[in-house]
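Observations on chain architecture
Here are the chains, one letter per residue:
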Amino acid sequence: MIPVLEAVPNFSEGRDLDKLRSLVDTIARKGVDILDWSADSDHHRSVVTYIGDPRSVISASVAAAEFAVQEFDISLHRGLHPRIGVLDVLPFVPLRGLLMSDAIAAAHEVGQTIASLGVPVFFYGQASDPPGRGLAELRRGGVEALRDGFHGEREPDLPSSVRVPHPTAGATCVGARDVLLAWNVLVAGIDEEQAKEIASKVRERDGGFSGVRALGLYLHQREQVQISMNIEDPMRTAPTAVYEEVARAVSEMGGVVLEVEVIGMVPDALVLRGPGNRLDLLNLDPNRILSRRVKEYVQAQERGEGTPDDPL
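Okay, so let's go over this structure. Quick caveat, the model's predicted, so the values are computed rather than measured.

**Description of the side chain of Arg133**
By secondary structure assignment, the location of Arg133 is in the loop between strand E6 (121-125) and helix H4 (135-139). Residue Arg133 is classed as buried on the basis of its relative accessible area of 15%. Once residues lying within four places of it in the same chain are set aside, the contact partners of Arg133 are Phe122, Phe123, Tyr124, Gly125, Ser128, Leu138, Glu153, Arg154, Glu155 and Asp157.

**Section: the nonpolar core**
Of all hydrophobic cores here, the largest spans 44 residues; its most connected members are Ile27, Tyr50, Leu90, Phe92 and Ile114. In terms of residues, this core owes the most to one element, helix H2 (residues 54-71), which gives nine residues. Sequence-distant contacts of Ile27, that is, excluding residues within four places in its chain, are made with Val32, Ile34, Val48, Tyr50, Ala60 and Ala64.

**Some words on the packing of aromatic side chains**
Taken as a whole and judged by the stated rule, the model has three aromatic pairs. Judged by centre distance (5.8 Å) and plane angle (75°), the ring pair of Phe122 and Phe150 falls under edge-to-face. Here Phe122 is found in strand E6, whereas its partner Phe150 is found in the loop between H4 and strand E7 (172-176), with 28 residues between them in sequence. For the pair Phe122 and Phe150, a shared accessibility class is recorded, and that class is buried. These aromatic residues form a ring-pair network of at least three members: Phe11, Phe67 and Phe72.

**Examining the sheet that holds strand E11 (residues 256-263)**
Spatial ordering of the open sheet is given by E9-E10-E8-E11, a layout of four strands whose pairing is antiparallel. Strands at the two margins of the open sheet, each flanked by one partner only, are strand E9 (212-219) and E11. Pairwise comparison of adjacent strand axes, ignoring direction, gives a mean angle of 20° for this sheet. Direction of pairing for strand E8 (residues 181-188) relative to E11: antiparallel, over a ladder of seven bridges. When the bridges of E11 are listed, Val187 appears paired with Val257.

**Some details on the pattern of salt bridges**
Counted under the stated rule, the structure contains 23 salt bridges. The salt bridge partner of Glu197 is Lys201, with a shortest N-O separation of 4.0 Å. In this pair, Glu197 and Lys201 are both assigned in helix H5 (residues 192-202), four residues apart and thus about one turn of the helix distant. Classification of Glu197 as partly exposed rests on a relative accessible area of 39%. Among the charged side chains, a network of salt bridges with common partners joins Asp40, Arg222 and Glu261.

Calculation notes
Residues numbered from 1 in each chain as written. Predicted model: local features only at pLDDT ≥ 70, side-chain atom pairs only at ≥ 80, totals over all residues. Heavy atoms only, no water. Helix = DSSP H or I, 4+ residues; strand = E, 2+ residues; numbered from the N terminus. Buried < 20%, exposed > 50% of the residue type's maximum accessible area, 1.4 Å probe, protein only. Contact = heavy atoms within 4.5 Å. Core = buried A, V, L, I, M, F, W, Y, C linked by side-chain atoms within 4.5 Å. Phe/Tyr/Trp six-rings, centres within 6.5 Å; stacked < 30°, edge-to-face > 60°. Pairing = 2+ DSSP bridges. Axes fitted to C-alpha atoms, helices over the stretch in contact; angles between N-to-C directions. Salt bridge = Lys/Arg side-chain N within 4 Å of Asp/Glu carboxyl O.

Without other data, these values stay purely geometric and don't point to any function.
In structure tokens form, the structure reads like this:
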């Protein structure tokens with residue numbers, strides 16, 4: 001069986017598109033298949049999704065980390081999204097012919113290399129010891145909260161002697177996890193405080209849905225209110241149920257849902273949604289469906305076609 005490993009690095013840069021295209025090209029040159037990349041100027045963040053055999057994905061991830069350390073500067077970063085480093089989050093996801101232990105091994109190998117660049121590394125998700133360390137606790141307060149040094153439970157795993165973040169690269173969270181759903185709901189007719197109230201209703205931390213992380217935000221450049229969410233296990237926590245609760249709360253406050261946007265790839269939990277719900281706003285692109293793209297990648301490998309030469 002042809003093994004497929006996925007990586008979904010998140011970078012604290014969403015405005016310099018020339019640099020981001022160079023970053024994506026750097027990743028692609030390592031022989032992986034770039035499935036998607038996107039940049040958001042309000043969040044000042046970009047996300048790249050790529051798959052391949054484990055060795056190629058590891059090599060591409062190291063190249064991405066080196067690029068980010070050389071080209072981006074967290075000390076100059078101002079954006080809406082919580083972040084602690086230029087390569088803020090780097091999860092590995094076993095998709096086909098691999099176990100979670102393979103993703104954990106990839107995370108630890110890449111984490112060691114990132115640490116050798118002088119960037120402190122936190123392991124999270126299934127890669128932490130014990131497993132299950134969350135991102136929220138690591139990124140609370142952003143990199144600003146770490147400027148005076150690491151303390152308490154927020155001490156990095158690597159290097160063991162480090163006491164402060166890298167001056168321009170900050171720190172990096174490297175993890176292993178299953179497929180998740182990252183999506184945003186754009187709304188009109190409510191304000192930022194109301195969006196925050198809705199986010200608190202649906203996120204797990206405040207008694208909402210299991211595995212849901214949510215923020216209510218105001219996007220200054222778009223002049224829109226957004227509810228930004230992650231569903232950590234979309235097969236267990238139905239995205240339709242979360243969406244319906246958000247839409248109901250927005251409506252009760254006198255607002256309306258304008259758009260639903262998925263960040264990265266679309267998991268099958270959205271493709272298999274039942275008829276009659278209002279997620280038609282999503283306007284799914286078949287090329288964004290993860291399982292479809294994995295199947296196409298495997299078929300290309302079986303034919304000996306390799307990966308595309310130009311992801312841009």
